[in-house]
Every structure is written in C-alpha cells, then in structure tokens.
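Summary of structural features
The lines below spell out each chain.
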Amino acid sequence: MGHPWHGLPWTMGGEIVGTNGMSFVEKPPYFGCPSGRMGLLSSMYTDSRYRRRGIAKELLRKVVDEARAYGCGAVQITLPTWA
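Below, the structure is looked at part by part. Here the structure is a predicted model, which means the values were calculated and not measured. (Residues numbered from 1 in each chain as written. Predicted model: local features only at pLDDT ≥ 70, side-chain atom pairs only at ≥ 80, totals over all residues. Heavy atoms only, no water.)

**Here's the deal with the side chain of N20**
For N20, the location among the structural elements is in strand 2 (residues 15-26). What makes N20 buried here is its relative accessible area of 0%. Looking at N20, its side chain comes within polar contact range of the main-chain nitrogen of L8, at 3.2 Å. Of note is the side chain of N20, whose polar atom sits 3.0 Å from the backbone oxygen of L59. Dropping the residues within four chain positions of it, N20 is found in contact with W5, H6, G7, L8, L41, S43, M44, L59, L60 and V63. (Helix = DSSP H or I, 4+ residues; strand = E, 2+ residues; numbered from the N terminus. Buried < 20%, exposed > 50% of the residue type's maximum accessible area, 1.4 Å probe, protein only. Polar contact = N/O pair within 3.5 Å; in protein donor to acceptor, adjacent residues only side chain to side chain. Contact = heavy atoms within 4.5 Å.)

Now the structure itself:
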C-alpha cells in the first residue's frame, strides 16, 4: 500500500483559507483497527481571519470520509513536539 498522503484545501474567493493533511499507513491488524489501515492526521490549519466558521470541522469530516473510502479502520491525530 505504501504511504500515500492526502490533503484538502478549502478556498473562499479563490484564496486557500484552510487545509489539512493525512498520511495513510498499514500496520498489523488489531482489535480497534481490524483492517490494519490507519489515517494519520498530521496537519490542520485555518487562516485566523476565517476561523469560527466551521471550516476545520468540514475539512476534518471530508478527510475522515477519505480515510473510510481508503479502507482505514482508524484515524489518529499527530501533534508536533512544539504544540
């Protein structure tokens, strides 16, 4: 399967105002993820001028839908060490 990456931009008026990124990985199956396929959400950003409008919520919904379509049984959120 490799380690494909998927990102979704959110645009308003031709300007990208939000985005996210998810890597897809395959690990040995376990009880919580019988397929062994997982999505690793590694980035999520909304321009501060456009926050509190549901953009991040919609981006998260879309990328989780993509993970389901890819056969992922779980999605994990990763945090940078500086967060």
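**Regarding the sheet that holds strand 3 (residues 37-46)**
Read from one edge to the other, the open sheet built from four strands follows the order 1-2-3-4, with strand pairing classed as mixed. Each edge of the sheet is formed by a strand with only one pairing partner; in this case those strands are strand 1 (5-12) and strand 4 (74-77). Taking the axes of each pair of neighbouring strands and ignoring which way they run, one obtains an average angle of 25° across the sheet. In this structure, strand 2 lies alongside strand 3, joined through nine bridges in antiparallel fashion. Within strand 3, the position partnered with N20 by the bridge is M44. (Pairing = 2+ DSSP bridges. Axes fitted to C-alpha atoms, helices over the stretch in contact; angles between N-to-C directions.)

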